[in-house]
Each structure stands twice: as C-alpha cells, then as structure tokens.
Amino acid sequence: MRNLVMYELMSLDGVAEEPGDWMFDVDDDVFANLGRVIAAQDDVLLGRGTYDYWSGYWPTSDVQPFADFINTTTKHVVTSGAPEEPWESSVVVQEPLVDYVRALKERQGGDIGVHGSLTLAASLLEADLVDVLELVVVPTLAGAGRRLFGDRSEPGRLRLESVAGSPTGAVFLRYARG
C-alpha cells in the first residue's frame, strides 16, 4: 500500500497558511529536504483553493525542485466543481474523499503527497489517512493565520522517525502514524 505523505511549512507558533508571508530565510537544506520528499511522490492531492492559487503560478515558475515536480505530477483536485483554470496532469476528484484516497493508496506507485491545502489536510488527518507527516518548522512567530492542527474528534498518536535542522534554523520533522 502507498503512503500518504503530508508536507507542510509551519511557523513556530503553528501557522501554516501563506508561508510566503512569514518564512523569511530559505537555505539550501530546505530545498534539499523538499527534494527528498517529492522524489518519492508520483501523485498529489490538492484542495480547490490551493489548486486555484497554484495554477496561476507554478506552470510558468522555474523555482526548483518544486516547479518541475508539481507541473508533471498527477494532481488529484478535491473540489465540488471543475476548476476554471486548466493545468496539465490534473484530475478532478468526483467521489467521496475517503473512498477516493483509500482507492488511490491501493494503486501501484510511489507516495501520494499533500502540499498546503489546509482544509483538505485537516480532513485527511481526521479520517486517519495520513501515513507520514513531513513538517518544516521555521523560527518565526507568524501570529495570525490558519493552523494545520485544529480540534480532533479523537487523539492521534505519531512516532518521530527523524529530525534535522538547517543553518537558518528550520527544523525538519518526520513523523509516521504511531
């Protein structure tokens, strides 16, 4: 079975929304960590808001390693309607999320990534479908903004698999379902 791997950028106070507003220092280690995570992924789940936001930026971006990855990887877009902006290799999810993700995990392939998409991420965490959390926590207090972890109906246990740091103070945390 394939792993669903959630990759999120977070401030020290837990904000994950709009990292461009509060993630000031990005060093080579941050890009190398991202490259390691996406190298194992060949499908991505995106929420509609993230899809709409990214489809106007990434198709013409040269920011690597993510631009080549996101533009060529199959993007499964969780939405109630068809996106207005076409983006190569995109598929609209038309069945219930939990059923779709379970079926996707059963297919042959590498990891399934979730990047950004906080509402979708919360739904996947609540449904206990996330196998691995790849968190990049940066030494910034964002103050305001949506957080990745909200209320849960039941506690969830995770197991720390690795931790590393970067010269600018980012911490790379890898957790697996406990």
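**Structural notes on helix α1 (residues 28–39)**
- Compared with the 16 Å implied by 1.5 Å per residue over 12 residues, the 16 Å span of α1 between its first and last C-alpha is a close match.
- Buried residues of α1: Val30, Asn33, Leu34, Val37 and Ile38, and no others. For α1, the angular spread of the buried residues around the axis is 125°, confining them to a single face. Opposite its buried face, α1 presents the exposed residues Asp28 and Ala39, each directed more than 90 degrees away.
- Here the buried face of α1 lies against β1 (4–11), β2 (41–47), α3 (66–72), β5 (111–115), β6 (132–138) and β8 (171–177).

**Quick word on the environment of glycine 49**
- Within the fold, glycine 49 resides in helix α2 (residues 48–55).
- With 70 residues separating them in the primary sequence, glycine 49 and threonine 119 have C-alpha atoms 9.1 Å apart.

**Points about the packing of aromatic side chains**
- Inspection of the entire model under this criterion finds 6 aromatic pairs.
- With centroids separated by 5.5 Å and ring planes inclined at 85°, the aromatic side chains of tryptophan 54 and phenylalanine 66 adopt a geometry described as edge-to-face. Note that tryptophan 54 is positioned in helix α2 and phenylalanine 66 in helix α3, a separation of 12 residues in sequence. An identical accessibility class is assigned to tryptophan 54 and phenylalanine 66; each is buried.
- A centroid spacing of 4.9 Å and a plane angle of 80° characterise the contact between tyrosine 57 and tryptophan 58, whose relative ring orientation is edge-to-face.
- Note on tryptophan 58: relative accessible area 11%, which makes it buried.
- Positioned above the aromatic ring of tryptophan 87 is the side chain of lysine 75, whose terminal nitrogen or guanidinium carbon lies 4.7 Å from the ring centre.

**Observations concerning the pattern of salt bridges**
- In the structure shown here, the tally under the stated rule is 11 salt bridges.
- Residue arginine 36 is joined to glutamate 134 by a salt bridge in which the shortest nitrogen-to-oxygen separation is 3.0 Å. Pair noted here: arginine 36 is in helix α1 and glutamate 134 is in strand β6, with a separation of 98 residues, a long-range link.
- For arginine 36, a relative accessible area of 42% corresponds to the partly exposed category.
- For the salt bridge of arginine 159 with glutamate 161, the shortest nitrogen-to-oxygen distance reads 3.0 Å.

**Describing the sheet that holds β5**
- Read across the sheet, 8 strands follow the order β4-β3-β2-β5-β1-β6-β8-β7 without closing on themselves; strand pairing throughout is mixed. At either end of the open sheet lies a strand with only one pairing partner, and these are β4 (90–93) and β7 (158–165). Strand after strand, the sheet turns through a mean of 25° between neighbouring axes, direction not considered.
- Alignment of β7 against β8, held across 7 bridges, turns out to be antiparallel. Looking at β8, one finds that valine 163 is bridged to leucine 173.
- In the packing of helix α5 (residues 118–126) onto the sheet, the strands contacted are β1, β2, β3 (74–78), β5 and β6, and the crossing angle to β1 comes to about 125°.

Quick notes on the rules
Residues numbered from 1 in each chain as written. Predicted model: local features only at pLDDT ≥ 70, side-chain atom pairs only at ≥ 80, totals over all residues. Heavy atoms only, no water. Helix = DSSP H or I, 4+ residues; strand = E, 2+ residues; numbered from the N terminus. Expected span 1.5 Å × (residues − 1). Buried < 20%, exposed > 50% of the residue type's maximum accessible area, 1.4 Å probe, protein only. Arc of directions from axis to C-beta. Contact = heavy atoms within 4.5 Å. Phe/Tyr/Trp six-rings, centres within 6.5 Å; stacked < 30°, edge-to-face > 60°. Lys NZ or Arg CZ within 6 Å of the ring centre and 35° of its normal. Salt bridge = Lys/Arg side-chain N within 4 Å of Asp/Glu carboxyl O. Pairing = 2+ DSSP bridges. Axes fitted to C-alpha atoms, helices over the stretch in contact; angles between N-to-C directions.

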